[in-house]
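Notes for the structure review
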Amino acid sequence: MNILLWHVHGSWATAFVRGKHRYLVPVNAARDEWGRGRARTFEWPENAEEVDFASLTTDDVDVIVLQRPEELERVAHLDVPKIYVEHNTPKGDVPDSRHPMADRDDLIVAHVTHFNELFWDTGGTRTSVIEHGVVEPQARWSGELDRLAVVTNEPVRRQRVTGTDLFPRFAAVAPLDVYGMGVAGLDLPGVTPHDDPPQAAMHLEIARRRAYVHTCRWTSLGLSLIEAMQIGMPVLALATTEAVAAVPDDAGVIATRVDTLVEAARWLIEDPDAARRLGDRARQVALARYGLDRFLADWDRLLEEETCASR
């Protein structure tokens, strides 16, 4: 199939474009939000091709994967099936948040977590859930450094959403390294920002830290959390949104009481053997549930169902 999608969510798209199809990714001279083209800090296969969106016709595209409400108007001239991927937890009046694609009969909403499907009100619009899959990182946990790792985007702007206010509490136990986009402005005691590193290099670095800390209060399910688990890192996570389903008790420590997680961080810093046991289980769980093969098979099934139904 020829699948049109904008480069919006780099980590998710890195898994999605590993399928057997041809992926048409709009690019423009500015490489802005409407034309980022291929990823620059992630490895993408050759079947993800940069295209000039303005030149596309219905004959060029078999299905469109939408990720932002604004995209719907832009593709109105393309008469092909449309799937809207909802990456985010609802905003506003939770749990009565109305989805922007609610009560439509011209597309299906594909949620990335069961939590999202539960909390978004999509009205009469058909929905599906395709849980995350990630490209297995090459790095493997060593935990040789008595440090903690966080991967998040824009923690300065997003603050309470990403749990930035909680960073100092963990940094009081051990130095905290924060990786991701928009982290350069972090200025907190004991916290070292690493702004937008290449994904593979980042994986190698976080694998040397003793444990992974997931402080997001309100996010679907961080792909970086899954990647850390597949690396074999023990995880300390807030028990919010889908994290409660992703992290079993024997793969890390998950709690809504922050003091519990801080105490667990101190325990893992002092007991590398315990960290290894938890990390081994985390890797086993994450590979089984969030493997790339399952993810791509789920997507192939939905893509085939939607294109066949339109014929």
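An account of the accompanying structure is given in this report.

Conventions used here
- Residues numbered from 1 in each chain as written.
- Predicted model: local features only at pLDDT ≥ 70, side-chain atom pairs only at ≥ 80, totals over all residues.
- Heavy atoms only, no water.
- Helix = DSSP H or I, 4+ residues; strand = E, 2+ residues; numbered from the N terminus.
- Rg over C-alpha atoms; globule rule 2.2 N^0.38 Å.
- Buried < 20%, exposed > 50% of the residue type's maximum accessible area, 1.4 Å probe, protein only.
- Contact = heavy atoms within 4.5 Å.
- Areas by Shrake-Rupley, 256 points an atom, 1.4 Å probe, with all protein chains shown as cover.
- Lys, Arg positive; Asp, Glu negative; His and termini not counted.
- Charge placed at Lys NZ, Arg CZ, Asp CG, Glu CD.
- Pairing = 2+ DSSP bridges.
- Axes fitted to C-alpha atoms, helices over the stretch in contact; angles between N-to-C directions.
- Parallel < 35°, antiparallel > 145°, perpendicular 65-115°, else oblique.
- Nonpolar A, V, L, I, M, F, W, Y, C, P; charged D, E, K, R; others polar.
- Polar contact = N/O pair within 3.5 Å; in protein donor to acceptor, adjacent residues only side chain to side chain.
- Phe/Tyr/Trp six-rings, centres within 6.5 Å; stacked < 30°, edge-to-face > 60°.
- Lys NZ or Arg CZ within 6 Å of the ring centre and 35° of its normal.
- Salt bridge = Lys/Arg side-chain N within 4 Å of Asp/Glu carboxyl O.
- Core = buried A, V, L, I, M, F, W, Y, C linked by side-chain atoms within 4.5 Å.

1. Quick notes on the overall build of the chain
Each helix and strand in the chain was counted, giving eleven helices and 13 strands. Here the C-alpha atoms of the chain give a radius of gyration of 20 Å, agreeing with the 19 Å that 2.2 N^0.38 yields for 311 residues. The proportion of buried residues among the 311 residues of the chain is 54%. Once local pairs closer than 6 in sequence are excluded, the contacts in the chain between residues at least 24 apart make up 63%. A total of about 13,500 Å² of accessible surface is found on the chain, and carbon and sulfur atoms cover 48% of it. If the 34 positive side-chain charges of the chain are averaged to one point and the 49 negative ones to another, these points end up 4 Å apart.

2. Quick notes on the sheet that holds strand 5 (residues 82–86)
Across the sheet, which stays open at both edges, the seven strands sit in the order 3-2-1-4-5-6-7 with parallel pairing between neighbours. Across the chains shown, the open sheet's two edge strands, defined by having one partner strand only, are strand 3 (48–51) and strand 7 (126–129). Averaged over all neighbouring strand pairs, the angle between strand axes comes to 30°, with direction disregarded. Direction of pairing for strand 4 (residues 63–66) relative to strand 5: parallel, over a ladder of three bridges. By the bridge assignment, I64 is partnered in strand 5 with K82. Packed onto the sheet, helix 11 (residues 292–309) meets strand 1 (2–4), strand 4, strand 5, strand 6 (108–111) and strand 7 and runs at close to 145° relative to strand 5.

3. Looking at the side chain of E306
For E306, the location among the structural elements is in helix 11. Among the residues examined, E306 registers a relative accessible area of 10% and is labelled buried. The contact partners of E306, leaving out residues within four places of it in the chain, are P81, I83, I108 and R126.

4. As for the packing of helix 9 (residues 258–270) against helix 10 (residues 272–289)
Put simply, helix 9 and helix 10 touch, their axes get as near as 5 Å, and they point 110° apart. Looking at the two axes, helix 9 sits roughly perpendicular to helix 10. For the pair helix 9 and helix 10, contact is made by W267, L268, I269 and E270 and by P272, A274, A275 and L278, respectively. Among the residues forming the contact of helix 9 with helix 10, the class breakdown is seven nonpolar, no polar and one charged.

5. Let's talk about the environment of Q67
Following the sequence through the fold, Q67 ends up in the loop between strand 4 and helix 2 (69–74). Those residues in contact with Q67, other than ones at most four positions away along the chain, are L5, W6, V8, H9, W12, Y84, V85 and H87. Here H87 takes part through its side chain, which lies 2.8 Å from a polar atom of the side chain of Q67.

6. Remarks on the packing of aromatic side chains
Aromatic ring pairs are described here by two measures, namely the spacing of the ring centres and the angle between the planes. Under the defined criterion, the tally for this structure stands at ten aromatic pairs. Seen from their ring centres, W6 and F53 are 5.0 Å apart, and the 50° between their planes marks the pair as tilted. Taken as a pair, W6 in the loop between strand 1 and helix 1 (10–16) and F53 in the loop between strand 3 and strand 4 lie far apart in primary sequence, 47 residues in all. Judged on exposure class, the residue W6 and its partner F53 are both buried. Relative to F119, the ring of F115 has its centre 4.2 Å away and its plane inclined at 15°; by these criteria the two rings are stacked. In this pair, F115 and F119 both sit in helix 3 (residues 114–119), four residues apart, roughly one turn of the helix. Residue class for F115 comes out buried when judged on its relative accessible area of 13%. Three or more aromatic residues joined by ring pairs form one cluster here, namely W12, F16, Y23, F295 and W299. Sitting over the face of the ring of W34, R68 holds its NZ or CZ atom 3.9 Å from the ring centroid. Directly above the aromatic system of W34 lies the positively charged group of R74, at a separation of 3.6 Å from the ring centroid.

7. A few points about the pattern of salt bridges
Enumeration over the complete set of coordinates arrives at 29 salt bridges. Where R160 meets D165, a salt bridge forms, and the shortest distance between an N and an O atom there is 4.0 Å. Exposure remark for R160: the relative accessible area of 54% places this residue in the exposed category. Taking the relative accessible area as the measure of exposure, D165 reaches 34% and is therefore partly exposed.

8. Looking at the sheet that holds strand 8 (residues 145–151)
Strands belonging to one sheet form pairs held by backbone hydrogen bonds; the direction of such a pair is parallel or antiparallel. Judged by pairing direction, the sheet is parallel, and its six strands sit side by side in the order 10-9-8-11-12-13 without closing on themselves. Here the strands that pair on one side only, and so sit at the sheet edges, are strand 10 (191–195) and strand 13 (252–255). Neighbour-to-neighbour, the strand axes of the sheet open up by a mean angle of 20°, direction not taken into account.

9. Concerning the nonpolar core
Formed by 84 residues in total, the largest nonpolar core has its most connected members in W12, F16, L148, F170, L236, F295 and W299. Here this core gets seven residues from one element, more than from any other, and that element is helix 9. F16 has contacts with I3, L5, Y23, V65, F295, L296 and W299, leaving out every residue within four places of it along the chain. Core analysis: the second largest hydrophobic core is formed by 18 residues, V61, L72, M101 and L107 among them.

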